[in-house]
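The chain contents come next:
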Amino acid sequence: MHNKTRAYIAAFIVALIYGINYTVAKDVMPMYIKPFGFIVIRVLGATILFWILSLFTTSERIDKADFLRIFLAALFGVCINMLAFFKGLSMTSPINASAIMVSTPIIVLLLSAIILKEKITIPKVVGILIGLTGAIILIVYGKSAVPGDHPILGNLFIFINASSYGLYLIIVKKLTVKYNPLTFIKWLYLFGLLLVIPFGISEVIDIQWNSIPTSIYYNIGFVIVFTTFFAYLINLFALTKLKPTTLSAFVYLQPVIATAYALLTKSDTLSSVKILATLLIFVGVYMVTSVNRAKQ
């Protein structure tokens, strides 16, 4: 199997995990664990797993100058990205949150043009803007089926998360080329842990562990082991073979997967607004993928 084919499969697996994660994480927050406290637990668990795994791999020294880039990657890819995502998800619906994530490709596209000097084609911009229009509709009109949610504010937090993640993809690209993923990802999460602790430590202290049902513990484990640990490793592999703009386009799969899983588990409902937004997203996806196929 060709390396690029493996990278596409890896990117799809990441999209699948992230799509399921919207509902899995939503079931935990804010009833059992508040969002920032959940992030501390998530990052702490992943940091431990990455450092344990690094003990069984070849040690590679990181240049001192690259620690600043790792810190910035942790700031945007772990701290701001995760805090904004869980805060937003705790206030909006899984379907809304997943659809708004389609704003990531346009952010990556613009940043890639500025930082990586990648060429922007008009058809690709139009396709991404159409997809982004669907996300904007959800930000303004998307509702949540959970009483007490604040969908507009939650949707805005998800947009902040998408913006931060887009910048993270740009920052981390050079690190994936220079180092083995495990060499820097353990430091990425260690720095990320130090950054998120001040925001969420008080919420961790407030957790009533005895009142959490077994099913919710499984959800917490899924977020730590699959959404964070495995997904980040797989995503880094894909990033070594694909451009950031190509990898970010897989975010378009998340609304499909998240919607199907949320409806299957009856965690969310489908409305005419969500259907319209989804149709716009698919039109945008078609235009972007058509441009890529023409290039190939």
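In this text the structure is predicted, and so the values were computed from the model without any measurement.

### What to know about the overall build of the protein
Here is step 1 of the chain: Broken down by element type, the protein carries twelve helices and zero strands.
Here is step 2 of the chain: If you list the helices and strands of the protein from N to C, you get α-α-α-α-α-α-α-α-α-α-α-α.
Here is step 3 of the chain: Considering only contacts within the protein whose residues lie at least 6 apart along the sequence, 90% involve residues at least 24 apart.
Here is step 4 of the chain: Summed over its atoms, the accessible surface of the protein is roughly 13,600 Å², and 71% of this surface lies on carbon and sulfur atoms.

### A closer look at unusual backbone geometry
Here is step 1 of the chain: Met29 connects to Pro30 through a cis peptide bond whose omega is -10 degrees.
Here is step 2 of the chain: Relative to the elements of secondary structure, Pro30 occurs in the loop between α1 (3-26) and α2 (35-54).

### Considering the nonpolar core
General note: in soluble globular proteins, nonpolar side chains tend to be found buried as a group.
Here is step 1 of the chain: Counting 79 residues, the largest nonpolar core has Phe38, Phe50, Tyr168, Ile185, Leu188 and Tyr189 as the members making the most contacts within it.
Here is step 2 of the chain: Per-element tally for this core: the top contributor is helix α9 (residues 214-241), with twelve residues.
Here is step 3 of the chain: Look past the residues within four positions of Leu188 in its chain and what remains in contact with it is Ile70, Ala73, Ala74, Val78 and Tyr168.

### Describing α2
Here is step 1 of the chain: An ideal rise of 1.5 Å per residue puts 28 Å on 20 residues; α2 measures up with 28 Å between its terminal C-alpha atoms.
Here is step 2 of the chain: The element α2 is largely enclosed, with a buried count of 14 among its 20 residues.

### Concerning the pattern of salt bridges
Here is step 1 of the chain: One pass over the full model with this rule turns up two salt bridges.
Here is step 2 of the chain: In this structure, the salt-bridge partner of Lys178 is Asp63, at a minimum N-O distance of 2.7 Å. Linking Lys178 in helix α7 (residues 151-178) with Asp63 in the loop between α2 and α3 (66-89), this pair joins segments that are 115 residues apart in sequence.
Here is step 3 of the chain: Of the residues examined, Lys178 reaches a relative accessible area of 43% and is grouped as partly exposed.
Here is step 4 of the chain: The exposure class of Asp63 is partly exposed, given its relative accessible area of 39%.
Here is step 5 of the chain: Asp66 serves as the salt-bridge partner of Lys178, at 2.8 Å between the closest nitrogen and oxygen. Within this pair, whereas Lys178 is found in helix α7, its partner Asp66 is found in helix α3, the two being separated by 112 residues in sequence.
Here is step 6 of the chain: Counted as one network, the salt bridges with shared partners bring together Asp63, Asp66 and Lys178.

### Describing the packing of α1 against α9
Here is step 1 of the chain: Relative orientation of the contacting elements α1 and α9 amounts to 155 degrees, with a least axis distance of 8 Å. Between α1 and α9, the crossing angle belongs to the class labelled roughly antiparallel. The handedness of the crossing between α1 and α9 comes out as left-handed.
Here is step 2 of the chain: Its residues assigned to classes, the contact of α1 with α9 comprises 18 nonpolar, five polar and three charged.

### Notes on a nonpolar patch on the surface
Here is step 1 of the chain: On the surface, Leu44, Ile48, Ile52, Leu55 and Phe56 cluster together into a nonpolar patch covering about 560 Å² of accessible area.
Here is step 2 of the chain: Locating Leu55 in the fold gives a position in the loop between α2 and α3.

### Section: the side chain of Thr47
Here is step 1 of the chain: Take Thr47: it is sitting in helix α2.
Here is step 2 of the chain: Of the residues examined, Thr47 reaches a relative accessible area of 5% and is grouped as buried.
Here is step 3 of the chain: Leave out the neighbours within four places in its chain, and Thr47 touches Tyr189, Leu190 and Leu193.

### Let's talk about helix α8 (residues 181-205)
Here is step 1 of the chain: At Pro198, α8 shows its largest kink, close to 60 degrees.
Here is step 2 of the chain: Sitting at the amino-terminal end of α8 is Asn180, which places a side-chain oxygen 3.0 Å from the backbone nitrogen of Leu182.

Each value, and the rule that gives it
Residues numbered from 1 in each chain as written. Predicted model: local features only at pLDDT ≥ 70, side-chain atom pairs only at ≥ 80, totals over all residues. Heavy atoms only, no water. Helix = DSSP H or I, 4+ residues; strand = E, 2+ residues; numbered from the N terminus. Contact = heavy atoms within 4.5 Å. Areas by Shrake-Rupley, 256 points an atom, 1.4 Å probe, with all protein chains shown as cover. Core = buried A, V, L, I, M, F, W, Y, C linked by side-chain atoms within 4.5 Å. Buried < 20%, exposed > 50% of the residue type's maximum accessible area, 1.4 Å probe, protein only. Expected span 1.5 Å × (residues − 1). Salt bridge = Lys/Arg side-chain N within 4 Å of Asp/Glu carboxyl O. Axes fitted to C-alpha atoms, helices over the stretch in contact; angles between N-to-C directions. Parallel < 35°, antiparallel > 145°, perpendicular 65-115°, else oblique. Left-handed = near helix turned anticlockwise from the far one by under 90°. Nonpolar A, V, L, I, M, F, W, Y, C, P; charged D, E, K, R; others polar. Patch = residues over 30% accessible without salt bridge, like charges linked within 9 Å, V, L, I, M, F, W, Y side chains within 5 Å. Bend = angle between axes of the 7 residues up to and from the residue. Polar contact = N/O pair within 3.5 Å; in protein donor to acceptor, adjacent residues only side chain to side chain.

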